[in-house]
Amino acid sequence: MSQTGATKQVEQQEKKAQVENAQFLSFTLGKEEYGVDILRVQEIRSWEPVSRIPNVPAYEKGVVNLRGAIVPIIDLRERFDLGRSQYTPLTVVVVLQAIIGEKTRVMGVVVDAVSDVIDVEKNSIQSSPSFGARVSTEFINGLVSVNQRMVMLLDVDKLLKLDGLDTLGEINDDEIKKN
C-alpha cells in the first residue's frame, strides 16, 4: 500500500471515529458528575466576583465582562436545587455556547470542579429515566457510564432557555449595541 493510500485509510478511520464518538467535559456538583459537549465549551475560568443584577433568581449570580461581551453567570448547583456551597479555589466557571434559533448565546455556569474530558461512544449513551433523577430530566440529554461512574450529559441549549435567560441575553445584546 502506498503512503498516500495509508494516509487516506487513517483519515477515513478518524472520520468514522468522530461520527461514532463524542467528547464531553465532565464536572462535579456535589457528589454527582455531569458532562457537556466539549464543542460547546468556550473556556474554563476560575471563579471571580460578578456584577449582580437586581430581581433575578438567586442561582443567577450576575454578569461578567468577558473581553467586551457581557456573559450571564448561573450557579448550576443552586439551579438544580443541590444546595449552596462555598466557592473554593477549585470552583470554576465553564463558559458555554448555546444555539437558540439562529443566535449563539454565551453563558457561564459555576461548577464545583472540572473533572476530565471523556470520550463516549454515542451508542453507549442511554436516555434519562422518567423518575428517580435529582435533576429535572428536561436538561439531560442522556446518561453514560464511564469507569463505573454515572455521568449525566446536559443539553446546553435547554440550560440557556431557563427562566428568561434568553431574554437576559437579548437585553445584553441591546445594551452592547448602544455602547
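Naming follows an unreviewed UniProt entry, where the protein appears as Chemotaxis protein CheW of Methylomonas methanica. Quoted verbatim from the Subcellular location (unreviewed entry) field of UniProt, the annotation for the protein is "Cytoplasm".

A. Inspection of the sheet that holds strand S2 (residues 32–37) at higher detail. Across the sheet, 5 strands lie side by side as S8-S1-S2-S10-S9; this open sheet has mixed pairing. With one partner strand each, in any of the chains shown, strand S8 (113–121) and strand S9 (140–146) form the two edges of the open sheet. Sheet twist, expressed as the mean angle between neighbouring strand axes with direction ignored, is 35°.

B. Structural detail: unusual backbone geometry. One non-glycine residue, Asn147, lies in the positive phi region at around 50°. Positionally, Asn147 belongs in the loop between S9 and strand S10 (149–154). We classify Asn147 as exposed; its relative accessible area is 65%. Phi is positive for Gln148, close to 65°, though the residue is something other than glycine. When you line up the elements, Gln148 lands in the loop between S9 and S10.

C. Region of interest: the nonpolar core. Counting residues in hydrophobic clusters, the biggest one holds 27 residues, and the most contacted among them are Leu76, Phe80 and Leu154. Secondary-structure elements contributing two or more residues to this core are strand S1 (21–29), S2, strand S6 (92–100), strand S7 (103–111), S9, S10 and helix H3 (156–160). In terms of residue count, S6 provides more of this core than any other element does, 5 residues in total.

D. Summary view of empty space enclosed by the protein. Under the criterion given, the structure shown has 1 cavity of 30 Å³ or more. In terms of lining, the largest cavity is formed by Arg45, Ser46, Trp47, Glu48, Val50, Val64, Leu66, Val71, Ile73, Val93 and Val95. If you list the elements that add at least two residues to the lining of the largest cavity, you get strand S3 (41–46), strand S4 (60–66), strand S5 (69–75) and S6. Counted by class, the lining of the largest cavity contains 8 nonpolar, 1 polar and 2 charged residues.

E. Representation of the packing of aromatic side chains in the model. Applying the stated criterion across every chain, the model contains 4 aromatic pairs. Arranged with centres 6.0 Å apart and planes meeting at 20°, the rings of Phe27 and Tyr34 form a pair that is stacked. Residue classification places Tyr34 among the buried residues on the basis of a relative accessible area of 0%. Between Tyr34 and Phe80 the ring centres are 5.8 Å apart and the planes differ by 40°, which places this aromatic pair in the tilted class. With Tyr34 in strand S2 and Phe80 in the loop between helix H2 (76–79) and S6, this residue pair connects regions lying 46 residues apart in the sequence. The exposure class assigned to Phe80 is buried, which follows from its relative accessible area of 4%. These aromatic residues form a ring-pair network of at least three members: Phe27, Tyr34, Phe80 and Phe139.

Definitions and limits used
- Residues numbered from 1 in each chain as written.
- Predicted model: local features only at pLDDT ≥ 70, side-chain atom pairs only at ≥ 80, totals over all residues.
- Heavy atoms only, no water.
- UniProt positions renumbered as here; feature names shortened; annotations may be inferred.
- Pairing = 2+ DSSP bridges.
- Helix = DSSP H or I, 4+ residues; strand = E, 2+ residues; numbered from the N terminus.
- Axes fitted to C-alpha atoms, helices over the stretch in contact; angles between N-to-C directions.
- Buried < 20%, exposed > 50% of the residue type's maximum accessible area, 1.4 Å probe, protein only.
- Core = buried A, V, L, I, M, F, W, Y, C linked by side-chain atoms within 4.5 Å.
- 1 Å grid on protein atoms, 1.4 Å probe; cavity = no way out; pocket = protein on both sides within 12 Å on 5 of 7 lines; lining within 4 Å.
- Points joined across faces, edges and corners; volume = space filled by probe spheres on them.
- Nonpolar A, V, L, I, M, F, W, Y, C, P; charged D, E, K, R; others polar.
- Phe/Tyr/Trp six-rings, centres within 6.5 Å; stacked < 30°, edge-to-face > 60°.

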